[in-house]
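# Examining the three-dimensional arrangement
Okay, here's what each chain looks like letter by letter:
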Amino acid sequence: MRKDIEKIIISENEIKMRVDELAKKIDAEYSEKNPVVVCILRGAIFFATDLTKELSIPLEIDFMSLSSYGDSTKSSGVVKIKKDIDTDITKRHVIIVEDIVDTGLTLKYINDYFEKHNPASIKICTLLDKPNAHKTDLKIDYVGFDVGNEFVVGYGLDFAQKYRNLPFIGILKKEIYS
Ligand code: 5GP
């Protein structure tokens, strides 16, 4: 697997340190709020797990799964819910935990969908952000790291369902996906 990686851009240790920092901020903001943390499957699984383990506030965890890119590396802009959350989020504080924001269309869709359930608040926490690729003006509240427009894998992020279990974030060699 590692032979397919052009370059490691965020090490395992850097991820851990940043997750700890984000957890401190969320802890401070959500004491007494008992938030519902919604992990967007499958990419955010490691991030959501590590982040929630570092949080000391009471919280609930739920999962949502949406249609993804399939085996391609380009956003289709078409989003479909494959698995909805089970929690009633009416009047609840919701934190959406995502792996990466590219165009932002996926999160815009989720945000608008959740808004219809009248939650007390919605905030977005993403491990990675590609600020130069945004196509919406959706506010991202917590960002782990900004990255460029390269296709990245590891720590939950896949290409054709591979590479999710790499402990770091790396850039895939172009010949693998082109
Ligand atoms: P958006 O709707 O913001 O364009 O796309 C978000 C989703 O696209 C992410 O949740 C992720 O599944 C996928 N994605 C976007 N950029 C990358 C990338 O660089 N690597 C991987 N593995 N997935 C990506």
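Residues numbered from 1 in each chain as written. Predicted model: local features only at pLDDT ≥ 70, side-chain atom pairs only at ≥ 80, totals over all residues. Heavy atoms only, no water.

Ordered by their spatial adjacency, three strands build an open sheet running β1-β9-β8, and the pairing between neighbours is antiparallel. The strands lining the two open edges of the sheet, one partner per strand, are β1 (5-10) and β8 (152-153). Bridge count for β1 against strand β9 (residues 169-172) is four bridges, and the pairing is antiparallel. Bridge pairing in β9 links K7 to I171. (Pairing = 2+ DSSP bridges. Helix = DSSP H or I, 4+ residues; strand = E, 2+ residues; numbered from the N terminus.)

Let's shift gears to the state of the cysteines. Tallied over the full model, the rule gives zero disulfides. The cysteine C39 is free of any disulfide, with C125 supplying the nearest cysteine sulfur at 11 Å. Residue C39 is classed as buried on the basis of its relative accessible area, which comes to 0%. The class of C125 is buried, set by a relative accessible area of 0%. (Disulfide = S-S within 2.5 Å. Buried < 20%, exposed > 50% of the residue type's maximum accessible area, 1.4 Å probe, protein only.)

Mapped onto the elements of the fold, D158 is located in the loop between β8 and β9. A relative accessible area of 19% places D158 in the buried class. A polar contact is formed between the side chain of D158 and the backbone nitrogen of Q161, at a distance of 2.8 Å. Setting aside residues no more than four positions away along its own chain, D158 makes contact with F151, V153 and R164. (Polar contact = N/O pair within 3.5 Å; in protein donor to acceptor, adjacent residues only side chain to side chain. Contact = heavy atoms within 4.5 Å.)

Moving on, we come to helix α3 (residues 105-115). Side chains that are three or four residues apart share a direction in an α-helix, a result of its 3.6 residues per turn. Those residues of α3 that fall on the buried side of the exposure criterion are L107, I110, N111, Y113 and F114. Projected down its long axis, α3 carries its buried residues within an arc of 165 degrees, all on one side. Among the structural elements, β2 (36-41), β3 (60-66), β4 (81-83), β5 (93-101) and β6 (121-129) are those in contact with the buried residues of α3. (Arc of directions from axis to C-beta.)

What follows covers the site of the ligand. Near the ligand you find 17 residues, and of these T103, G104, T106, V152 and D158 are the closest. Here T103 contributes a side-chain N or O atom positioned 2.5 Å from an oxygen atom of the ligand. At a separation of 2.4 Å, an oxygen atom of the ligand approaches a polar side-chain atom of T106. Contact with the protein chains hides 92% of the accessible area of the ligand, taken as 510 Å² for the molecule alone. Per-element accounting of the shell around the ligand gives the leading share, four residues, to β5. (Near = heavy atom within 4 Å. Areas by Shrake-Rupley, 256 points an atom, 1.4 Å probe, with all protein chains shown as cover.)

Let us now look at the sheet that holds β5. Spatial strand order, β4-β3-β2-β5-β6-β7: six strands in an open sheet with mixed pairing. The open sheet is flanked by β4 and β7 (142-146), the only strands paired with a single partner. For this sheet, the mean inter-axis angle between neighbouring strands, taken without regard to orientation, is 25 degrees. As paired strands, β5 and β6 are joined by eight bridges and run parallel to one another. (Axes fitted to C-alpha atoms, helices over the stretch in contact; angles between N-to-C directions.)

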